[in-house]
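Reading the structure
What follows is the residue order along each chain.
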Amino acid sequence: MAAGDRAYQQGRYAEAERFFAAALERAERLGAQDPRVALSLGLLAAAYQAEGKYATAEPLLRRALTIAEGALGADHPEVAATLTAIGALGAAQGRYAQAEPLLRRALAIDERVLGPEHPEVAGTLDALATIERLQGRYSEAETRSRRALAIREKVLGPDHVDVAVSLTTLAALYRIQSRYVEAEQLAQRALAIREKALGPEHPEVIGPLVTLGELQAEQGRFAQAEPLGRRALTVAEKTLGLEHPEVAGALDLLAGLARTRGRYAEAETLGRRALAVREKALGAEHPDVATTLAGLAELSALRQNATQAESLARRALAIQEKTLGLEHPDLARSLRALGEAQRLQSKYAEAEPSYQRALAIDEQRLGRESPRVALDLGSLGTLYRLQSRYAQAEPLYRRAQAIGEKVLGPEHPQVAATIVDLASLYRAQSRFAQAEPLYQWALTLQRKALGPDHPEVAESLDEYAALLKQINREPEAAEMEAQARAIRAKAAAPAR
């Protein structure tokens, strides 16, 4: 057990598995119901879970629970520890409703037997906070995660490696809520603790790296996000193997970055690989599979493959409705992707309720000033613009722009996209004097944030050219169209 524990702490999970299996074999010689059998089962299950072998870990933990309850009593701390392990495993498997009551029972035992400020209580609180976050119950998750962090800092000290668990849990929650400054501080601190205590290539650094990468990407800092994602992928592949769920998390981050930066072929390769890893490791109906499917649906819509986008979005939505319920925030992304696919096919009557449902979910669960709400507003505004429902579209665009500028900053690519939409609305209404400076402003922002050869720059150039044609400035329009064609030709050219 001691040798296995050393290997486990150093991130050498396959080696730990061998030691724990040997410990189990010896413990069983002492009797099938000996408490040491339960302990060995729990340790071996932890190694399997760290390796991503969830189905192999679960029966070991169930057997350990039966032994511990029989040998030690239903209210023993070892029983609580096993319940927490089963609950955390259930969270990893996407079985939130089954895991939560186990964690609640473990918390009650720990608080009663060990006291409300014991480190074991903090571990169970973090596991519960994770379950609540994954179910979209953010207020409950924050309360528990903050309490876990306070316990660990007080009892273990601010630089203990277990403190990084609470920091990472809380940072992931704040990222979803667009509390970027707080989230980044927490994730940076978690990464620093783990690098110092465990080394820069330990599997435990992957989580903070991915969270930091997501935070940078959402704030439009793509050049900072990409090396974080690539480092996370390198560590995951080296320490956990090519088919571990942690590898898929890093791949998803990199796929999203490639998609945002206009590198669509690369994004598809990364996204498809993430999907294959997650389907194999987690099963075809895991919520994380739906997350990858939604990203691929967004990519297909960007590439104008509306039929494929609709199929991917519908599959993602079906998984989420089944596993997360009808009002989980993750559904909004799939609904928005579905709406894009329907809009591209001119199925406007179908797209409108998809967009409206996404907007309602995001407003209710994330608040009226979430950047995701701005995305929903922009999508719905574009649908109305294409239907010549200009009076309905304009306030949506303006509200989306205000949210983006406030939360993301006035130079964020999402803000630039909204400005282009607003300019296109004015052009459709022949409000040319208002439209032209908006196109110019948006192009300046897009070239700065995305680079001069991004597909969105080409689209904005084409939109601006259409305006110039309408006001009889043909030579300037031709120049804009030539720039757009050059961007697309460069993107289509094979990489050297």
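The structure contained in this document is the topic of the report that follows. (Residues numbered from 1 in each chain as written. Predicted model: local features only at pLDDT ≥ 70, side-chain atom pairs only at ≥ 80, totals over all residues. Heavy atoms only, no water.)

Here we come to the overall build of the protein. Of regular secondary structure, the protein possesses 24 helices and zero strands. For 496 residues, the compact-globule estimate of 2.2 N^0.38 gives 23 Å, and the protein sits close to it at 25 Å. If one aligns the C-alpha atoms of the protein with their principal axes, the spans along those axes are about 90 × 45 × 40 Å. By the burial criterion, 52% of the 496 residues in the protein qualify as buried. Of all intrachain contacts in the protein linking residues separated by at least 6 positions in sequence, the fraction that spans at least 24 positions is 62%. Summed over all atoms, the accessible surface of the protein reaches about 21,000 Å², with 53% contributed by carbon and sulfur. Computing the positive centroid from 63 side-chain charges and the negative centroid from 66, the protein places the two 1 Å apart. (Helix = DSSP H or I, 4+ residues; strand = E, 2+ residues; numbered from the N terminus. Rg over C-alpha atoms; globule rule 2.2 N^0.38 Å. Buried < 20%, exposed > 50% of the residue type's maximum accessible area, 1.4 Å probe, protein only. Contact = heavy atoms within 4.5 Å. Areas by Shrake-Rupley, 256 points an atom, 1.4 Å probe, with all protein chains shown as cover. Lys, Arg positive; Asp, Glu negative; His and termini not counted. Charge placed at Lys NZ, Arg CZ, Asp CG, Glu CD.)

By the element assignment, R372 lies in helix α19 (residues 371–386). Judged by its relative accessible area of 23%, R372 is partly exposed. Ignoring any residue separated from it by four or fewer positions in sequence, one finds R372 in contact with R175, I176, R336, D362 and L366.

For the rest of this paragraph, the subject is the packing of helix α14 (residues 264–282) against helix α15 (residues 287–302). Helix-helix packing is characterised by the crossing angle of the two axes and by the distance between the axes. Two numbers describe how α14 lies on α15: the axes approach to 9 Å, and their chain directions differ by 160 degrees. In terms of orientation, α14 lies roughly antiparallel with respect to α15. For the crossing formed where α14 meets α15, the hand is left-handed. For the pair α14 and α15, the contacting residues are Y264, A267, E268, G271, R272, A274, L275, R278, E279 and L282 in the first and D288, V289, T292, L293, L296, L299 and L302 in the second. (Axes fitted to C-alpha atoms, helices over the stretch in contact; angles between N-to-C directions. Parallel < 35°, antiparallel > 145°, perpendicular 65-115°, else oblique. Left-handed = near helix turned anticlockwise from the far one by under 90°.)

With that out of the way, let us pick up the pattern of salt bridges. According to the stated counting rule, one finds 64 salt bridges in the structure shown. Salt-bridge contacts for E266 lead to R230; the nearest nitrogen and oxygen are separated by 3.1 Å. With a gap of 36 residues between them, E266 in helix α14 and R230 in helix α12 (residues 222–240) connect regions that are remote in the sequence. The exposure class of R230 is partly exposed, given its relative accessible area of 37%. Measuring nitrogen to oxygen at the nearest pair gives 3.1 Å for the salt bridge that ties K347 to E310. Taken together, the residues span a long stretch of sequence, with K347 in the loop between α17 (329–344) and α18 (348–366) and E310 in helix α16 (residues 306–324) at a distance of 37 residues. For K347, a relative accessible area of 26% puts it in the partly exposed group. What makes E310 buried here is its relative accessible area of 10%. One network of salt bridges, with partners in common, ties together E100, R104, E132, R137, E140 and R144. (Salt bridge = Lys/Arg side-chain N within 4 Å of Asp/Glu carboxyl O.)

We now examine the nonpolar core. With 49 residues, the main nonpolar core has L167, I206 and L257 as its most contacted residues. Secondary structure elements with two or more residues in this core: α8 (138–156), α9 (161–176), α10 (180–198), α11 (206–218), α12, α13 (245–260) and α14. Once you skip the residues sitting within four places of it in the chain, L257 turns out to touch A217, F222, A225 and E226. In this structure, A458, Y464, A465 and M480 belong to the second largest nonpolar core, which totals 39 residues. (Core = buried A, V, L, I, M, F, W, Y, C linked by side-chain atoms within 4.5 Å.)

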